Amino acid sequence: MPNTRGSLKITIALLSSLLSAAVAQSPQPNPAPPPFAAMPQASQAQLENFPAQLLDELSAIKTTALADDYAYRQVAHLTENIGPRPSGSLQAKAAVDYVAGELRALGLTVQLEEVKVPHWVRGAETAELVEYPGQAKGTGQKVVLTALGGSTSTPAEGLTADVVVVNNFDELKALGHDKVAGKILLFNEIFDKEKAAAGIAFVAYGEAVRYRGAGPKAAADLGAAAALVRSVGSADFRLPHTGFSFPAGIPAGAVTAEDADLIAHLAAEGKVRMHLTLTPQKLPDATGFNVIADMKGSEHPEQIVVVSGHLDSWDLGTGAIDDGAGVAVAMEAAEILQKLHLHPKRTLRVIAWMDEESGGAGSQAYTKDHSSEFPRHVAAIESDSGAAHPLGFDVKMTTHATELLRPALAVLGSFGATAMQPSSYAPGADISAMSDAGVPALGLLQDGRTYFHYHHTAADTLDKIVPVELRENAAAMAVMGYALANMKEPLPR
Ligand SMILES: [Zn+2]
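Residues numbered from 1 in each chain as written. Predicted model: local features only at pLDDT ≥ 70, side-chain atom pairs only at ≥ 80, totals over all residues. Heavy atoms only, no water.

(A) Spatial organisation of the overall build of the protein chain. Along the protein chain, the regular secondary structure elements total 16 helices and 16 strands. Each principal axis of the C-alpha distribution contributes one length, and for the protein chain these read about 85 × 55 × 35 Å. Burial analysis of the protein chain (493 residues in total) assigns 54% to the buried set. Summing over all exposed atoms, the protein chain offers an accessible surface of approximately 20100 Å²; the carbon and sulfur share of this is 57%. Both charge centroids of the protein chain, one from 38 positive and one from 55 negative side chains, sit 1 Å from each other. (Helix = DSSP H or I, 4+ residues; strand = E, 2+ residues; numbered from the N terminus. Buried < 20%, exposed > 50% of the residue type's maximum accessible area, 1.4 Å probe, protein only. Areas by Shrake-Rupley, 256 points an atom, 1.4 Å probe, with all protein chains shown as cover. Lys, Arg positive; Asp, Glu negative; His and termini not counted. Charge placed at Lys NZ, Arg CZ, Asp CG, Glu CD.)

Spelled out as structure tokens, the structure:
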């Protein structure tokens with residue numbers, strides 16, 4: 001009887017994980033366990049939704065993924081053969097054609113969804129301190145920086161102005177227009193490396209990235225000639241970190257953490273002047289595409305489970321961890337099913353999103369074109385937090401829905417990807433509109449301790465991906481995607 005077998009499997013999996021935890025914690029014979037250690041029982045609903053055959057299939061998917069280098073070959077091609085893929089670039093278009101071709105080769109029905117994207121290209125980016133306390137005659141101090149996405153240009157020969165350093169928006173406000181107008185304003189908000197090291201890197205990122213996002217506009221509103229932010233991230237090899245910034249109409253850049261310290265220290269001693277040259281260009285909007293590839297459901301083709309990552313990247317590195325890896329593991333979810341001749345009951349939809357980095361035009365287009373189908377979108381997964389060892393999922397769904405997925409998670413227990421971390425916001429920028437519309441949303445939850453060393457820097461390259469960890473991510477995506485597509489009842493909202 002399927003339910004009995006399912007129950008037995010779960011029981012054994014839980015028992016062995018409890019046992020190994022107990023062994024790890026205490027070499028001594030254990031006293032009788034306290035009541036709170038009682039073994040969790042699978043609920044009737046869990047057992048009904050995950051009969052034994054489905055659990056066997058999920059196990060086979062995991063085992064196959066852990067020995068499969070498909071995702072790695074995909075991200076290698078995206079990063080090394082194609083390269084950086086900013087919105088509007090030739091590489092972004094080449095990546096669309098490549099991913100569409102690969103998914104067609106797997107037998108999926110592929111559609112390209114056209115979307116207008118911004119087209120911004122980096123120019124020269126240099127800076128030098130030309131006046132500061134203690135300066136040796138005839139010298140200057142080089143400042144390492146990069147333009148933020150959407151930055152306007154300085155004159156070709158650059159501009160020279162005094163630098164004003166603030167640590168936060170309150171200090172900016174207190175300075176007011178008279179002390180900011182005509183100056184180069186530096187926001188010196190420090191990325192909290194302690195939080196990142198302790199495993200809550202995205203909290204540190206959220207705190208610091210407000211300045212990258214809104215700082216230049218706030219500086220422009222007070223008449224600043226240009227705005228700089230301290231790089232958002234934990235990189236400490238003098239690497240600047242680019243990223244989206246709200247249009248401010250002034251040149252905007254990120255200096256490295258080291259250079260932010262340098263400027264702040266000198267400014268505390270006296271007057272600091274900078275010569276700044278940033279010459280990016282905003283070109284006319286370009287045409288981009290979301291790649292949407294369906295593996296049609298055998299029983300409920302109208303019900304859709306999305307597995308996704310974003311295909312565009314920043315231009316400094318080659319977009320390996322952000323987010324070639326996410327696209328690659330979403331593609332592998334389909335590849336594994338094809339390899340094992342498994343058929344999803346609901347439609348498994350692989351999406352490679354365009355323009356996550358420079359405004360989200362891809363997800364906006366999808367919402368416009370598909371929102372009438374959102375009631376039939378059973379769930380959506382995005383991987384956009386890197387390629388490191390997966391710990392489980394961030395989830396925005398009801399507690400009841402989360403609990404129903406436990407049997408699928410247990411399959412991932414052999415490598416520990418069993419956490420279900422409730423999130424108050426959509427766990428993935430491209431699936432946030434779906435999530436807001438009530439679609440249960442999941443984001444792969446990776447170990448983020450080193451993610452912000454590389455994210456949005458020139459060091460986001462293929463070597464940062466550990467193949468065995470990418471395989472674990474692919475296994476987590478494929479198992480969860482298939483579980484959502486094949487569990488008996490659609491995941492409740
Ligand atoms: Zn990303």
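(B) Summary view of the sheet that holds strand 9 (residues 273-278). With mixed pairing, the 8 strands of this open sheet are ordered in space as 3-2-9-5-6-7-8-4. Each edge of the open sheet is held by one strand with a lone partner, namely strand 3 (141-143) and strand 4 (145-147). Taken pair by pair, the neighbouring strands of this sheet meet at an average axis angle of 30 degrees, ignoring direction. Sheet topology places strand 5 (residues 159-166) next to strand 6 (residues 184-187); 4 bridges connect them, and they run parallel. Along strand 6, the bridge assignment pairs V163 with I184. Sheet strands touched by helix 8 (residues 201-221): strand 6, strand 7 (226-230) and strand 8 (252-255). Its angle to strand 6, the strand with the most contacts, is close to 150 degrees. Packed on one face of the sheet, helix 9 (residues 257-269) meets strand 2 (125-131), strand 3, strand 5, strand 6, strand 7, strand 8 and strand 9 and runs near 135 degrees to strand 3. (Pairing = 2+ DSSP bridges. Axes fitted to C-alpha atoms, helices over the stretch in contact; angles between N-to-C directions. Contact = heavy atoms within 4.5 Å.)

(C) Seen up close, the pattern of salt bridges. Tallying each qualifying case throughout the model produces 22 salt bridges. K339 serves as the salt-bridge partner of E335, at 3.6 Å between the closest nitrogen and oxygen. One end of the pair, E335, and the other, K339, are both in helix 10 (residues 320-339), 4 residues apart, so they sit about a helical turn from each other. The class for E335 is buried, based on a relative accessible area of 8%. Overlapping salt bridges bring together D294, K296, R349 and E373 as one network. (Salt bridge = Lys/Arg side-chain N within 4 Å of Asp/Glu carboxyl O.)

(D) Structural view of the coordination of the zinc ion. Donor atoms from the polypeptide that bind the zinc ion are H310 (NE2), D322 (OD) and D384 (OD), placed at 1.9 to 2.2 Å. Written as a sequence motif, the donor residues of the zinc ion are H-x11-D-x61-D. Linking D322 in helix 10 with D384 in the loop between strand 13 (377-382) and strand 14 (390-396), this pair joins segments that are 62 residues apart in sequence. You'll find D322 and D384 in the same group, each marked buried. (Donors = N, O, S within 2.8 Å, 3.2 Å for Na, K, Ca; no water.)

(E) Representation of the environment of L266 within the structure. Its location among the elements puts L266 in helix 9. Using a relative accessible area of 11% as the deciding quantity, one classes L266 as buried. Note: C-alpha distance between L266 and Y132 (134 residues apart in sequence) is 6.5 Å. Sequence-distant contacts of L266, defined by excluding residues within four places in its chain, comprise L129, Y132, P133 and V272.

(F) Structural view of helix 10. In a regular helix each residue adds 1.5 Å, so 20 residues correspond to 28 Å; helix 10 covers only 25 Å between its end C-alpha atoms and thus falls short of that length. Most of helix 10 sits inside the fold, with 18 of its 20 residues counted as buried. The first or second residue beyond helix 10 is H341, which carries a positive phi of 55 degrees. (Expected span 1.5 Å × (residues − 1).)

(G) Seen up close, the nonpolar core. In this structure, L58 and F393 are the most contacted members of the largest nonpolar core, which totals 96 residues. Setting aside residues up to four positions removed in sequence, L58 forms contacts with F50, A408, V411, V479, Y482 and A483. Core analysis: the next-biggest nonpolar cluster, separate from the first, contains 23 residues, A127, A260, L276 and L278 among them. (Core = buried A, V, L, I, M, F, W, Y, C linked by side-chain atoms within 4.5 Å.)

(H) A look at the packing of helix 3 (residues 52-65) against helix 16 (residues 467-486). Running from N to C, helix 3 and helix 16 point in directions that differ by 155 degrees, and their axes come no closer than 8 Å. Relative to helix 16, helix 3 is oriented roughly antiparallel. In this structure, helix 3 meets helix 16 at a crossing whose hand is right-handed. Seen from helix 3, the contacting residues are L54, E57, L58, I61, K62 and A65; seen from helix 16, they are R471, A474, A475, A478, V479, Y482, A483 and N486. Looking at the contact of helix 3 with helix 16 residue by residue, the classes come out as 10 nonpolar, 1 polar and 3 charged. (Parallel < 35°, antiparallel > 145°, perpendicular 65-115°, else oblique. Left-handed = near helix turned anticlockwise from the far one by under 90°. Nonpolar A, V, L, I, M, F, W, Y, C, P; charged D, E, K, R; others polar.)

By themselves, these are just geometric observations and shouldn't be taken as functional.
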